[in-house]
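Chain residues, written in single-letter form:
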Amino acid sequence: MEAGAKLSDFGKVYATDLTEAMLQSGEWKTSEFKPYNFNALGAKPRSGALHPLMKIRQEFRQIFLEMGFEEMPTNKFVESSFWNFDALFQPQFHPTRDAHDTFFVKNPASTLEIPEAYLKLVQEVHQTGGYGSIGYRYNWHRSEAEKNILRTHTTATSARMLYTLAEEYKRTGVFTPKKYFSIDRVFRNESTDATHLAEFHQVEGLVADWGLTLQDLIGSLTTYFEKQGLKDLQLKPAFNPYTEPSMEIFGFHAGLGKLVELGNSGMFRPEMLRAMGLPEGINVIAWGVSLERPAMIKYAISDIRTLIGPEVPYEFVSENPICRLDK
Ligand code: FB9
């Protein structure tokens, strides 16, 4: 039987600190000091903590950086309809451009910053086509393109970055291939429920280079998701207004034991790229996922409102362990 504390020690007072007074008085010579308990846990230091969503964002950021991607500047929550929709060849009559899907900004309601020459080329490609396209054959309105909104996807930032590459090409005659990524908040006027909020974090990757094909997109997706432990992707033909061909991405999640919808992808259309001034031969492959979906799976959360929002307890942030996507 394990020996308990000695009875003779009962009531004895052990010194726990060696003080200046003890040294000066000489009391230290006769004092008995309590032995150190090296197994005692230290006091938890009060410090800041990353929200689990920000831990997942850092994991995704690391994956892109390992793949040689550069992060795009996404500090524009308010965007013009021009960059969010028109530059992406999304027609002004498309239902997602209505107020029931998109948040419109009241003040300032309109942007003043659309490059005029480019605007004309976008108007033309929407109305009458070009670059092998017949366009949408409708009357395109500048006023619609000038409306300010909360961006509905970070693809608006991708459009701005690609336009900058096109401007560089027009100025120098040289195209520099690029791999970009972005991870930031996007806003959709949707009713909230257990799996939807009116905003989420979109993760987007794109590669712009000469002669890219669908195989390059499939290869990039394979590498990107393998780094998260997701193999044997299944790709399903889909439709996006700004990519053709487009594919929905599915992967088998061992933990859940089922196929999971992972995101969407495609090759940006010529009506988008050529109107910007990117030359024939330059293609852009791109894909997107969210942060919230993997976070809900990693943290076994069924209601998104326990992940983000005013009802999330502080302990969910301070007590959660580090997150690894590939473990
Ligand atoms: O994140 C999504 N699913 C997902 C991602 C990772 C994951 O990891 C687990 C650990 C294993 C699990 C699930 N999805 C995309 C798919 C669905 O959840 C979908 O129902 C919800 N989608 C959001 C949009 O919903 C309005 C997720 C979000 C999404 C969808 C598409 C894009 C971006 C985000 C895109 C794109 C795109 C396409 C072409 C070119 C450029 C960008």
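Residues numbered from 1 in each chain as written. Predicted model: local features only at pLDDT ≥ 70, side-chain atom pairs only at ≥ 80, totals over all residues. Heavy atoms only, no water.

**Looking at the environment of Val289**
Test applied: Elements are defined by DSSP. Helices are runs of H or I of four residues or more, strands are runs of E of two residues or more, and each kind is numbered from the N terminus. Type-normalised accessible area, obtained with a 1.4 Å probe on protein chains alone, sets the label of each residue: buried when under 20%, exposed when over 50%, and partly exposed for intermediate values. Whether two residues are in contact is decided by their heavy atoms: any pair within 4.5 Å suffices.
Turning to its location among the elements, Val289 is positioned in strand 9 (residues 282-290). Assessed through its relative accessible area of 9%, Val289 is described here as buried. In sequence terms Val289 and Pro115 are 174 residues apart; their C-alpha atoms lie 30 Å from each other. In this structure Val289 touches His201, Gln202, Val203, Tyr224, Phe225, Leu262 and Gly263, once residues within four positions along its chain are discounted.

**Thoughts on unusual backbone geometry**
The linkage connecting Asn107 with the following residue, Pro108, adopts the cis geometry, with an omega of 5°. Residue Glu244 is joined to Pro245 through a cis peptide bond whose omega torsion reads -5°. With respect to the secondary-structure elements, Pro245 resides in strand 7 (residues 243-253). The phi dihedral of Tyr131 falls on the positive side, at around 60°, and the residue is not glycine. Located in the positive-phi region is Ala300, a residue other than glycine, with phi close to 50°. Structurally, the position occupied by Ala300 is in the loop between helix 9 (292-298) and helix 10 (314-318).

**So, the site of the ligand**
The following threshold applies: Nearness is defined per residue: one heavy atom within 4 Å of the molecule or strand is enough. Here a polar contact is recorded for every N or O atom pair within 3.5 Å, except that within protein the pair must consist of a potential hydrogen donor and a potential acceptor, and residues adjacent in sequence are included only if both atoms are side-chain atoms. Classification used: nonpolar for Ala, Val, Leu, Ile, Met, Phe, Trp, Tyr, Cys and Pro, charged for Asp, Glu, Lys and Arg, polar for all others including Gly.
As a structural note, the neighbourhood of the ligand is formed by 24 residues, with His253, Glu261, Leu262, Ser290 and Arg293 the closest of them. Between the ligand and Glu261, the relevant distance is 2.8 Å, taken from a nitrogen atom to a main-chain nitrogen or oxygen of the residue. Here Arg293 contributes a side-chain N or O atom positioned 2.8 Å from an oxygen atom of the ligand. The leading source of residues in the shell around the ligand is strand 8 (residues 258-268), at seven residues. Counted by class, the shell around the ligand contains 10 nonpolar, 10 polar and four charged residues.

**Describing the sheet that holds strand 8**
Rules: When DSSP finds two or more bridges between a pair of strands, those strands are recorded as paired. Only C-alpha atoms enter the line fits that serve as axes; for helices the fit covers just the stretch in contact. Angles between N-to-C directions range over 0 to 180 degrees.
Here we have seven strands laid out as an open sheet, ordered 1-4-5-9-8-7-6, and mixed in their pairing. Across the chains shown, the open sheet's two edge strands, defined by having one partner strand only, are strand 1 (70-71) and strand 6 (234-240). Two elements, strand 5 (residues 199-210) and strand 9, share nine bridges in a ladder whose sense is antiparallel. Considered in strand 9, the bridge of Gly205 is made with Trp287. The sheet strands contacting helix 6 (residues 155-172) are strand 4 (178-187), strand 5, strand 8 and strand 9, and the helix crosses strand 5 at an angle near 25°. Across the sheet, helix 7 (residues 214-226) is in contact with strand 5, strand 6, strand 7, strand 8 and strand 9; its angle to strand 9 comes to roughly 35°.

**Focus: the packing of aromatic side chains**
Stated formally: The pairing test for Phe, Tyr and Trp rings, Trp by its six-membered ring, is centres within 6.5 Å, and the orientation test on the planes gives stacked under 30 degrees, edge-to-face over 60, and tilted for anything in between.
By the definition in use, this model includes 22 aromatic pairs. Through successive ring pairs, a cluster of aromatic residues spans Phe60, Phe64, Phe69, Phe181, Tyr224, Phe225 and Trp287.

**Comments concerning helix 4 (residues 116-127)**
Quick note on the threshold: A helix is expected to reach a length of 1.5 Å times the quantity of its residues less one. The arc in question is traced by the directions running from the helix axis to the C-beta atoms.
In this model, helix 4 (12 residues) spans 17 Å end to end at C-alpha, consistent with the 16 Å of a helix rising 1.5 Å per residue. For helix 4, the set of buried residues is Tyr118, Leu119, Val122, Val125 and His126. Looking straight down helix 4, one finds that the buried residues subtend no more than 130° of arc, so they occupy a single side. Of the surrounding secondary structure, the elements contacted by the buried residues of helix 4 are helix 3 (81-84), helix 5 (142-146), helix 6 and helix 8 (270-276). Remark: Gly129 follows helix 4 within two positions and exhibits a positive phi of approximately 85°.

**Let's talk about the pattern of salt bridges**
Condition: We define a salt bridge as a contact between a side-chain nitrogen of Lys or Arg and a carboxyl oxygen of Asp or Glu at a distance within 4 Å.
Tallied over the entire structure, the rule returns 17 salt bridges. In this structure, Arg61 engages Glu71 in a salt bridge whose closest nitrogen and oxygen atoms are separated by 2.9 Å. On the criterion of sequence distance, the pair formed by Arg61 in helix 2 (residues 52-66) and Glu71 in strand 1 is long-range, its members being 10 residues apart. Of the charged contacts in the structure, one is a salt bridge between Glu79 and Arg160, with a shortest N-O distance of 2.8 Å. Residue Glu79 is found in strand 2 (residues 78-80), and its partner Arg160 is found in helix 6; the two are separated by 81 residues along the sequence.

**Some details on the nonpolar core**
Note the threshold: What is meant by a nonpolar core is a set of buried Ala, Val, Leu, Ile, Met, Phe, Trp, Tyr and Cys residues, joined one to another through side-chain atoms within 4.5 Å.
Counting residues in each nonpolar core, the largest one holds 36 residues, and the members touching the most others are Phe60, Val203, Tyr224, Phe225, Trp287 and Leu307. Among the secondary structure elements, those contributing two or more residues to this core are helix 2, strand 4, strand 5, helix 7, strand 7, strand 8, strand 9 and helix 9. Counting residues per element, this core draws most heavily on helix 2, at six residues. Val122, Leu165, Phe175 and Phe268 belong to the second-largest nonpolar core, a separate cluster that totals 34 residues.

**Quick word on the layout of surface pockets**
Applied cut-off: The rule is simple: put a 1 Å grid over the protein atoms alone, call a set of points where a 1.4 Å probe fits but cannot get out a cavity, call an open set with protein on both sides within 12 Å along at least five of seven lines a pocket, and count a residue as lining if it has an atom within 4 Å of a point. Grid points are joined across faces, edges and corners, and a volume is the space filled by probe spheres set on the points.
Each pocket or cavity is described by its volume, and for the second largest pocket that value is around 170 Å³. As for the second largest pocket, its lining consists of Ala15, Thr16, Asp17, Leu18, Phe33, Lys34, Pro35, Tyr36 and Asn37. Here the lining of the second largest pocket is composed, by residue class, of five nonpolar, two polar and two charged.

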